[in-house]
Amino acid sequence: MSAASDAYVFIKDIKPGLKNLNVIFIVLEIGRVTKTKDGHEVRSCKVADKTGSITISVWDEIGSLIQPGDIIRLTKGYASLWKGCLTLYTGRGGELHKIGEFCMVYSEVPNFSEPNSEHAGQNKLVC
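Since this is a predicted model, take the numbers as computed values, not measurements.

A.B. asks: Describe the packing of aromatic side chains, with residues and values.
C.D. replies: Where two aromatic rings form a pair, the distance of their centres and the angle of their planes describe that pair. Under the definition given, this model contains one aromatic pair. Ring centres of Tyr78 and Tyr89 lie 5.1 Å apart, and the angle between their planes is 15°; on these two criteria the pair is classed as stacked. Note that Tyr78 is positioned in strand E5 (residues 70-82) and Tyr89 in strand E6 (residues 85-101), a separation of 11 residues in sequence. Here Tyr78 falls in the partly exposed class, since its relative accessible area comes to 32%. Accessibility expressed as a relative area gives 11% for Tyr89, which makes it buried.

Here it is in structure tokens:
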């Protein structure tokens, strides 16, 4: 399954396994930094558009540049489950571009990264 390469998708339409996602969102919260075994920094950020919110996993330097209130355009992202929760990632060759700040209509609910019975059989761990 792939989204059209130049079309933007709403957070409500993101499903596990989708690739080549282009999404515009506002950053609501930046999670604390964790380090992988091989030294990469990873941050989980809560982001939203007018249809709901989701967690995006941001790696390394770009994570330190993102601030709450930033409006970001993600290109070539993908979605998968992390510990049973829908999570957005920057794909290979994908990019995050800041395109504005603070002025965007968004909704925190529904939070599509909360545990969901639809995904229950795919991963037993809970966030």
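We are not done yet, so read on.
A.B. asks: I'd love a proper account of the pattern of salt bridges, names of residues and values included.
C.D. replies: For the structure shown, the criterion picks out five salt bridges. For the salt bridge of Arg43 with Glu41, the shortest nitrogen-to-oxygen distance reads 3.4 Å. Under the relative-accessibility criterion, Arg43 is labelled buried at 10%. According to the relative accessible area criterion, Glu41 is partly exposed, its value standing at 25%. Here Lys98 makes a salt bridge to Glu101, at a shortest N to O gap of 2.8 Å. Through salt bridges that share partners, Lys35, Glu41 and Arg43 make up one connected network.

A.B. asks: Explain the pairing of strand E3 (residues 41-49) to me, and be specific about the residues and the numbers.
C.D. replies: Within E3, seven of the nine residues are buried, which leaves the element mostly enclosed by the surrounding structure. The pairing of strand E1 (residues 21-30) with E3 spans four bridges and is classified as antiparallel. Bridging from a neighbouring strand, Glu29 pairs with Lys46 of E3. Between strand E2 (residues 34-35) and E3, which pair antiparallel and follow one another directly, the connecting turn spans five residues, one of which, Gly39, has a positive phi of 90°. Sheet topology note: the E3/strand E4 (residues 52-59) ladder contains eight bridges and is antiparallel. Counted as the bridge partner of Asp49 is Gly52 from E4. Here E3 hands over to E4 after two residues, the two strands then running antiparallel side by side.

Conventions used here
Residues numbered from 1 in each chain as written. Predicted model: local features only at pLDDT ≥ 70, side-chain atom pairs only at ≥ 80, totals over all residues. Heavy atoms only, no water. Phe/Tyr/Trp six-rings, centres within 6.5 Å; stacked < 30°, edge-to-face > 60°. Helix = DSSP H or I, 4+ residues; strand = E, 2+ residues; numbered from the N terminus. Buried < 20%, exposed > 50% of the residue type's maximum accessible area, 1.4 Å probe, protein only. Salt bridge = Lys/Arg side-chain N within 4 Å of Asp/Glu carboxyl O. Pairing = 2+ DSSP bridges.

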